[in-house]
Amino acid sequence: MHSYRETSGLRRHILIVDDELINREILGNLLQQDYEVHFAENGKQALDILLKREHIYSLVLLDLLMPVMDGFELLEKIKADDVLKTIPIIVMTSEKDAEVRSIKLGAADFITKPYDMPEVILARCERIIELQEDKSLIRAAEKDHLTGLYTKDFFTQYIKQIEKYNPENHMDLMVINVEHFHLINELYGRSEGDKVLKCIADLLSQIFDDTQGIRCRTEADYFYVYSKNGTDYDKTLLTLLEGLTDRVPDSHVRLRMGVYPDVDKELIAENWIDRAKTACDRIRGDYSRHIAYYNNEFYEKAKYQEKLINDIDKAILSKDLIVYYQPKYSIQGDTPKLRSAEALIRWKHPELGMISPGDFIPLFESNGLIQKLDRYVWKEAARQVGEWKREYGLSVPVSVNVSRMDIYYPKLRDDFIDLLSSNGLENNELMLEITESAYADNADQLVNVIENLRSDGFMIEMDDFGSGYSSLNMLTTIPIDALKMDMKFIRNMQKDEKSMKLVELVLDIAKFLQVPVIAEGVETEEQLMLLKERGCDIIQGYYFSKPVPPEDFTQFIKKELGQ
């Protein structure tokens, strides 16, 4: 900054306030080579000059004993002004007793009269100006410009200072996030979004004053608070929501909060933030919970999930991820016939043993790794169908899952066609299951993707039909080749009439659409007969077999061939 000012010719402005002409001339001659110098004969005249704000003053040199308004009164008025109080002031005096009072009123330094050491005066002026400019730069970086709260870097530094002098205190780290904040900006405008953020900052400053904790805003819509342990966070959240309702009633703000209580002092501040944020993010989209607390169980689960994420590539390379197959049987006839199979992933981890799909599939869906997992299953399933076809001369089509993220991959069709070609398969030998929830995301784009896949000869199955996402109207616009009935209907259809009516309704819908129904989760012969009587075409479930590895699935092929 100093080098730039020298090379660009920028000159700082200094105001000299002294009722003695000779003193003004001495200081003016001394400083005018390096600065733009201005003069005032008393405190009132100086205050008028400063309040006009025609220049940004880098320094005021102030005499104390003057008529009209003396230096002490001017110091008090400058201290009371939010803009002027940032200007450093060097008091010019020969009275030692005045120094203490001047410091309390905000003076930065002193120059002793008479002015017999010009080099010292110049050096002091330059040093005080540089210190103030550095302080201003730090202040600008220290606070978030919108809310006035600390930025994250300064927040963590101040935590370290607090811990340095008060290591015995029990403290909490809290993270607050505005759920779907981008929608507030989109629906109501960025100014409304800024209003929400400033309101949250103001409320946090009221709840946690400087004696209770320090506050920070980061990542647009995240707020951090480092506060004394024992805070009533339910009450805190209620206060925030009530305050937001009063001040921005039309924005319908929903907050979620993560708390790391009684932080572990053996960890660093960044770890505390990560843990509170992990708790906060864990309840994203969960409208039944608003506050989550990080604890040992939470830590172990997070560590477990992190290991799964880190190990997925190794699992694919070493084939610890195994594709199992569950047979589907056509039941409309005297004898059930093997119709196809569904590919289901299993993970035999070398350290953790068999891992439930319920542990890793939702995890990978949330972080985008599901696409990598899906492509592995597609590749393995296509290879296996081709292998069975060559060995037994029997085509056993296999259904593979296509997630919501896969649907929007631009080379989806090309990838499937390449898989078929490299394994010698027909298009209808690899069937594509799309979960019902995907139909609710972007119906127009989904229809376009599905129509293209069907035009290539692929069979499309709507998975988990009846789980609560789609409408009947969507079925008239989205092309499908089969409905898979959600297994909860099968599980409950013998318990109450309502569930049975829902099963019959799904079968009637499929009949109207002229597509077969696949019933999942069939476990008993009684369930099979009830479904058969009502016109269900295909079933899968433990009645015939649980999902099995490919070497065990060959028994169903051999039985079908009479071997």
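This one's a predicted model, so the numbers in the text were calculated from it and none came from an experiment.

Draft legend 1. Spatial organisation of the overall build of the protein chain. On a plain count of helices and strands, the protein chain comes out with 22 helices and 19 strands. Compactness check: the protein chain gives a C-alpha radius of gyration of 37 Å against a globular reference of 24 Å for 563 residues, more than 25% above the reference. Its C-alpha atoms give the protein chain principal-axis dimensions of about 120 × 50 × 45 Å. Every one of the 563 residues in the protein chain was classed for burial, and the buried ones make up 47%. Considering only contacts within the protein chain whose residues lie at least 6 apart along the sequence, 66% involve residues at least 24 apart. For the protein chain, the accessible surface area stands at approximately 29,000 Å², while carbon and sulfur atoms represent 50% of it. Averaged over its 70 positive side-chain charges, the protein chain has a centre that lies 2 Å from the centre of its 98 negative ones.

Draft legend 2. Layout of the side chain of Ser340. Within the element layout of this structure, Ser340 appears in strand E12 (residues 337-349). If near-sequence neighbours (up to four positions away) are discounted, Ser340 is found in contact with Gln326, Pro327, Lys328, Val396, Pro397 and Met431.

Draft legend 3. Spatial organisation of the confidence of the model for the protein chain. With 93% of its residues at a pLDDT of 70 or more, the protein chain has an overall mean of 85. Across the protein chain, element-level confidence peaks in strand E11 (residues 321-330) with a mean pLDDT of 96 and bottoms out in helix H1 (residues 2-8) with 42. Below pLDDT 50 for its whole length, residues 1-9 participates in 7 contacts with residues either more than four positions away or in separate chains.

Draft legend 4. Broad picture of the packing of aromatic side chains. Evaluation of the coordinates by the stated rule reveals 17 aromatic pairs. Between Phe155 and Tyr224, the ring centres sit 6.0 Å apart and the planes meet at 55 degrees, which makes this aromatic pair tilted. Taken together, the residues span a long stretch of sequence, with Phe155 in helix H7 (residues 152-165) and Tyr224 in strand E8 (residues 222-228) at a distance of 69 residues. Per residue, the accessibility class of Phe155 equals that of Tyr224, and both read buried. Linked through ring pairs, Tyr325, Trp388, Phe553 and Phe556 together constitute an aromatic cluster. The ring of Phe72 has Arg101 sitting right over it, with the charged end atom 3.9 Å from the ring centre. The residue whose ring lies beneath Arg375 is Tyr409, and the NZ or CZ to ring-centre distance is 4.4 Å.

Draft legend 5. Structural view of unusual backbone geometry. Positive phi, close to 50 degrees, is recorded for Asp262, a residue that is not glycine. For Asp262, the location among the structural elements is in the loop between strand E9 (255-260) and helix H11 (269-282). The backbone phi angle of Lys319 is positive, close to 60 degrees, even though this residue is not glycine.

Draft legend 6. Focus on the environment of Glu179. You can see Glu179 is positioned in the loop between strand E6 (171-178) and helix H8 (181-188). With 73 residues separating them in the primary sequence, Glu179 and Gly106 have C-alpha atoms 44 Å apart. Engagement of the side chain of Glu179 in a polar contact is seen with the side chain of Arg254, the distance being 2.6 Å. A distance of 3.2 Å separates a polar atom in the side chain of Glu179 from a polar atom in the side chain of Arg256.

Draft legend 7. Examining the layout of surface pockets more closely. When its volume is computed, the largest pocket comes out at roughly 1,400 Å³. Lining the largest pocket are 42 residues, with Ile361, Glu365, Thr435, Asp463 and Asp464 positioned closest to its centre. The set of elements that each furnish at least two residues to the lining of the largest pocket consists of E12, helix H13 (357-367), helix H14 (370-392), strand E14 (398-402), helix H15 (404-407), strand E15 (430-435), strand E16 (460-465) and helix H19 (487-492). Looking at the lining of the largest pocket element by element, the count peaks at 6 residues for H13. The residue makeup of the lining of the largest pocket, split by class, is 17 nonpolar, 12 polar and 13 charged.

Draft legend 8. Main features of the pairing of strand E17 (residues 482-485). Burial of the side chains of E17 extends over both faces: Ala482 and Lys484 are buried on one face and Leu483 and Met485 on the other. In terms of strand pairing, E16 meets E17 through 3 bridges, oriented parallel. Bridge pairing in E17 links Phe465 to Met485. Relative to strand E18 (residues 517-519), E17 is paired through 3 bridges, and the arrangement is parallel. Each bridged residue has a counterpart across the sheet, and for Lys484 the counterpart in E18 is Ile518.

Draft legend 9. Quick look at the packing of H14 against helix H16 (residues 412-423). With their axes 9 Å apart at the nearest point, H14 and H16 run at an angle of 30 degrees to one another. Considering the angle they form, H14 stands roughly parallel to H16. Considering how the two elements wind past one another, H14 and H16 form a crossing that is right-handed. Here Arg375, Trp378, Lys379, Ala382, Arg383, Gly386 and Arg390 of H14 come into contact with H16, specifically with Leu412, Asp415, Phe416, Leu419 and Asn423.

Draft legend 10. Examining the sheet that holds strand E10 (residues 291-293) more closely. Spatial ordering of the open sheet is given by E7-E8-E6-E9-E10, a layout of 5 strands whose pairing is mixed. The open sheet has two edge strands, strand E7 (213-218) and E10, and neither has a second partner. Neighbour-to-neighbour, the strand axes of this sheet turn through a mean angle of 15 degrees, independent of strand direction. Sheet topology note: the E6/E9 ladder contains 6 bridges and is antiparallel. Note that in E9 the partner of Val178 across the bridge is Leu255.

Draft legend 11. The arrangement of H11 in detail. Relative to the 20 Å expected for 14 residues at 1.5 Å per residue, H11 spans 20 Å between its end C-alpha atoms, a close match to the ideal helical length. Listing the buried residues of H11 in full gives Ala269, Trp272, Ile273, Arg275, Ala276, Lys277, Ala279 and Cys280. As for H11, its buried residues are in contact with H7, E6, E8, E9, E10 and helix H12 (296-318).

Draft legend 12. How the structure looks around a nonpolar patch on the surface. Judged by side-chain polarity, Leu183, Leu187 and Tyr188 come together as a nonpolar surface patch covering roughly 300 Å² of accessible area. Along the chain, Leu183 turns up in helix H8.

Draft legend 13. A look at helix H4 (residues 71-79). Of all the positions in H4, only Gly71, Phe72, Leu74, Leu75 and Ile78 are classed as buried. Projection of H4 onto a plane perpendicular to its axis shows the buried side chains occupying an angular sector of 160 degrees, all on one side. Residues of H4 that are buried in the fold lie against helix H3 (43-52), strand E3 (57-63), strand E4 (89-93) and helix H5 (97-104). By the N-cap criterion, in which a side-chain oxygen at the helix start approaches the backbone nitrogen of a residue two or three places on, H4 is capped by Asp70, the distance to Phe72 being 3.2 Å.

About the cut-offs
- Residues numbered from 1 in each chain as written.
- Predicted model: local features only at pLDDT ≥ 70, side-chain atom pairs only at ≥ 80, totals over all residues.
- Heavy atoms only, no water.
- Helix = DSSP H or I, 4+ residues; strand = E, 2+ residues; numbered from the N terminus.
- Rg over C-alpha atoms; globule rule 2.2 N^0.38 Å.
- Buried < 20%, exposed > 50% of the residue type's maximum accessible area, 1.4 Å probe, protein only.
- Contact = heavy atoms within 4.5 Å.
- Areas by Shrake-Rupley, 256 points an atom, 1.4 Å probe, with all protein chains shown as cover.
- Lys, Arg positive; Asp, Glu negative; His and termini not counted.
- Charge placed at Lys NZ, Arg CZ, Asp CG, Glu CD.
- pLDDT = per-residue confidence, 0-100.
- Phe/Tyr/Trp six-rings, centres within 6.5 Å; stacked < 30°, edge-to-face > 60°.
- Lys NZ or Arg CZ within 6 Å of the ring centre and 35° of its normal.
- Polar contact = N/O pair within 3.5 Å; in protein donor to acceptor, adjacent residues only side chain to side chain.
- 1 Å grid on protein atoms, 1.4 Å probe; cavity = no way out; pocket = protein on both sides within 12 Å on 5 of 7 lines; lining within 4 Å.
- Points joined across faces, edges and corners; volume = space filled by probe spheres on them.
- Nonpolar A, V, L, I, M, F, W, Y, C, P; charged D, E, K, R; others polar.
- Pairing = 2+ DSSP bridges.
- Axes fitted to C-alpha atoms, helices over the stretch in contact; angles between N-to-C directions.
- Parallel < 35°, antiparallel > 145°, perpendicular 65-115°, else oblique.
- Left-handed = near helix turned anticlockwise from the far one by under 90°.
- Expected span 1.5 Å × (residues − 1).
- Patch = residues over 30% accessible without salt bridge, like charges linked within 9 Å, V, L, I, M, F, W, Y side chains within 5 Å.
- Salt bridge = Lys/Arg side-chain N within 4 Å of Asp/Glu carboxyl O.
- Arc of directions from axis to C-beta.

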